[in-house]
Amino acid sequence: MAHIVVIGAGPAGLAAAEALAAGGCAVTVVERMPTIGRKMLMAGRGGLNLTHSEPLDRFLTRYGAARRWLEPALRAFSPDDLRAWAAALGQPCFVGSSGRVFPRAMKASPLLRAWGARLAEQGVTILTRHDWTGWAGPGRVRVVSPRGERVLAADAVVLALGGASWARLGADGAWTGLLAGGGVALAPFRPANCGFRSNWSDTLRARFAGTPLRGIALTQEGGPTVRGEAVVTARGLEGGAVYALSAGLRDRIAADGQARVMLDLRPDMTEAALAERLARVRGRESLSNTLRKALRLPAVAVALLREGGAAPPRDAASLARLVKAVPVTLTAPDSLDRAISVAGGVREDAVDARFMLRAWPGVFVAGEMLDWEAPTGGYLLQACFATGRAAARGVLAWLQEGAKERYPS
């Protein structure tokens, strides 16, 4: 019986372990943290958005340029497959009003407990507090635990160590040194699904940091528009609407030094309708009272209208135009560690169609270690599950071929 070592006990690593055990392998999972699925547990605080219910052909477009190499994995383990898998673990799902898919429990912990029990039934060994440190020769994995160094023999290895966001949950990107030193081509990490910094006035920062902006629309200048919510932070803006535009905003800042978004504070009303309401308010009212009485705008929205430096216009038509397009200049993305996910990692040309590293035969890669990005909404977890299972299929096919070459050479 082949023995496979999976390094990393997030969704990609556990998915690989499950598929490998089902394929007849003995599997050991190595995890440096005290428990499995730490980032899934964090995601579960918001309901654990597993996947999305939109048609698969549209779903696949969410991966941008990475679609061409992720698509086989995503079709082989689709959103419908993920929902059926969760249901088989006793965690049936429901579709929210946005089309996002959640387990009915709205938590990660019941799913992880059921998954851990299934893996145990399959004979999968999970070693927590074990940190991968490299190789001890061909087919030999070196790990360090609180009890000292161990060497594990492996017929193949699946790496599922995550990206470089939320390091305290286990994914710190430290593996890049080992892979780059072994000739694996890597793309630099960049924050994805992240907030952005803006040079707020001291007044706005002091009074409104942490204040939500609900029911707004956000448009990248010269780019797409997204409706949703955002949050004013001490640094700038974050939240769902911002995350949806983050890739384009990040790239614009990299190219031009800054990016601008236009904030529509009342996307359900036309500019003409806004102007009509504003014109009904008596002229002696303050700007704040005018906007509150006519449009029910909260104080944070009024503060944003004043952020441009010049006083907001008082004539109804010009003020309505500003309410529909409040300019906000963004100067930098938030740090990698504050990002929900990252772009960058193991490049497409560094792996073959089975997700095996070209530089290290017998070593496969899955999940956020790979260079892809996608928006929030279930696309991140779906690709982690799908690439984990795809890497497992790659291992099984490679073993069946009887390949003798092993890592490292």
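Residues numbered from 1 in each chain as written. Predicted model: local features only at pLDDT ≥ 70, side-chain atom pairs only at ≥ 80, totals over all residues. Heavy atoms only, no water.

**Student:** Please set out the overall build of the protein chain residue by residue, giving values where relevant.
**Tutor:** Each helix and strand in the protein chain was counted, giving 15 helices and 20 strands. Across its three principal axes, the protein chain shows a C-alpha extent of roughly 85 × 40 × 40 Å. Counting across all 409 residues of the protein chain, residues that qualify as buried make up 51%. In the protein chain, once contacts between residues fewer than 6 apart in sequence are set aside, the share between residues at least 24 apart is 71%. Treating the 51 positive side-chain charges of the protein chain as one cloud and the 35 negative ones as another, the clouds have centres 6 Å apart. (Helix = DSSP H or I, 4+ residues; strand = E, 2+ residues; numbered from the N terminus. Buried < 20%, exposed > 50% of the residue type's maximum accessible area, 1.4 Å probe, protein only. Contact = heavy atoms within 4.5 Å. Lys, Arg positive; Asp, Glu negative; His and termini not counted. Charge placed at Lys NZ, Arg CZ, Asp CG, Glu CD.)

**Student:** Residue-level account of the environment of Asp-251, with values.
**Tutor:** The topology assignment puts Asp-251 in helix H10 (residues 246-256). Separated by 107 residues in sequence, Asp-251 and Val-144 have C-alpha atoms that sit 39 Å apart. Looking at Asp-251, its side chain comes within polar contact range of the side chain of Arg-250, at 3.2 Å. (Polar contact = N/O pair within 3.5 Å; in protein donor to acceptor, adjacent residues only side chain to side chain.)

**Student:** Help me get a handle on the sheet that holds strand S3 (residues 51-52), residues and values and all.
**Tutor:** Pairing within the open sheet is antiparallel, and its three strands lie in the order S3-S5-S4. Both edges of this open sheet fall to S3 and strand S4 (93-95), since each of them pairs with a single strand only. Bridging between S4 and strand S5 (residues 100-103) involves three bridges; their strand directions are antiparallel. Paired with Phe-94 across the bridge in S5 is Phe-102. (Pairing = 2+ DSSP bridges.)

**Student:** Let's hear about the sheet that holds strand S9 (residues 148-153): which residues, and what values?
**Tutor:** The three strands are arranged S7-S8-S9 in an open sheet whose pairing can be described as antiparallel. On the outer flanks of this sheet lie strand S7 (131-135) and S9, each paired with one strand and no other. The mean inter-strand angle of the sheet, taken between neighbouring strand axes irrespective of direction, is 30°. Where S7 meets strand S8 (residues 140-145), four bridges bridge the pair, whose relative direction is antiparallel. Pairing of Gly-134 across the sheet is with Arg-142, part of S8. (Axes fitted to C-alpha atoms, helices over the stretch in contact; angles between N-to-C directions.)

**Student:** Explain unusual backbone geometry to me, using residue names and the numbers behind them.
**Tutor:** Negative phi is the rule for most residues except glycine; trans is the rule for most peptide bonds. If you check the backbone angles, Asn-193 has positive phi at about 50° while not being a glycine. With respect to the helices and strands, the residue Asn-193 is situated in the loop between strand S11 (186-192) and strand S12 (196-197).

**Student:** Let's hear about the side chain of His-130: which residues, and what values?
**Tutor:** When you line up the elements, His-130 lands in the loop between strand S6 (125-128) and S7. A polar contact of 2.7 Å, which involves the side chain of His-130, links it to the backbone oxygen of Thr-128. With near-sequence residues (within four places) excluded, His-130 lies in contact with Val-30, Glu-31, Arg-32, Val-143, Val-144, Ser-145 and Arg-150.

**Student:** For the pattern of salt bridges, give the residues involved together with the corresponding values.
**Tutor:** The final tally for this structure, using the stated rule, is 31 salt bridges. The partner of Arg-118 in a salt bridge is Glu-18, and the shortest N-O contact between them spans 2.7 Å. With Arg-118 in helix H6 (residues 109-121) and Glu-18 in helix H1 (residues 11-22), the pair connects residues that are 100 residues apart, well separated along the chain. Judged by relative accessible area, Glu-18 falls into the buried class, the value being 6%. Asp-202 is paired through a salt bridge with Arg-205; the nearest N and O atoms lie 3.0 Å apart. A residue pair is termed a helical-turn pair when its members lie 3 or 4 positions apart in one helix, as Asp-202 and Arg-205 do in helix H8 (residues 202-208) at three residues. We classify Asp-202 as exposed; its relative accessible area is 63%. Each of Arg-197, Arg-235, Glu-238, Asp-334 and Arg-338 takes part in a single network of salt bridges with overlapping partners. (Salt bridge = Lys/Arg side-chain N within 4 Å of Asp/Glu carboxyl O.)

**Student:** Report on the environment of Trp-200, specifying residues and quantitative values.
**Tutor:** Here Trp-200 shows up in the loop between S12 and H8. Between the C-alpha atom of Trp-200 and that of Gly-257, which follows or precedes it by 57 residues, the distance is 17 Å. Once residues lying within four places of it in the same chain are set aside, the contact partners of Trp-200 are Arg-205, Val-232, Thr-233, Ala-234, Arg-235, Gly-236, Leu-237, Leu-304, Glu-307 and Val-328. A polar atom in the side chain of Trp-200 sits 3.1 Å from the backbone oxygen of Gly-236.

**Student:** Any chance you could break down the packing of helix H5 (residues 79-88) against helix H15 (residues 379-401) for me, citing the residues and the numbers?
**Tutor:** Here H5 crosses H15 at 85°, and the two axes come no closer than 10 Å. Comparing their axes, H15 and H5 come out roughly perpendicular. Of H15, the residues touching H5 (which contributes Pro-79, Leu-82 and Trp-85) are Gln-382, Phe-385 and Arg-389. When its residues are assigned to classes, the contact of H5 with H15 shows four nonpolar, one polar and one charged. (Parallel < 35°, antiparallel > 145°, perpendicular 65-115°, else oblique. Nonpolar A, V, L, I, M, F, W, Y, C, P; charged D, E, K, R; others polar.)

**Student:** Give me the lowdown on the pairing of S8, citing residues and values where you can.
**Tutor:** Burial of the side chains of S8 is restricted to one face: Val-141, Val-143 and Ser-145 are buried, whereas none of Arg-140, Arg-142 and Val-144 on the reverse face is. A loop of four residues connects S7 with S8, the two strands running antiparallel in sequence, and Gly-137 in this loop sits at a positive phi of about 125°. Of the strand pairs in this sheet, S8 and S9 are connected by six bridges, and their pairing is antiparallel. Considered in S9, the bridge of Val-143 is made with Arg-150. Once S8 ends, the chain turns through two residues before running back antiparallel as S9.

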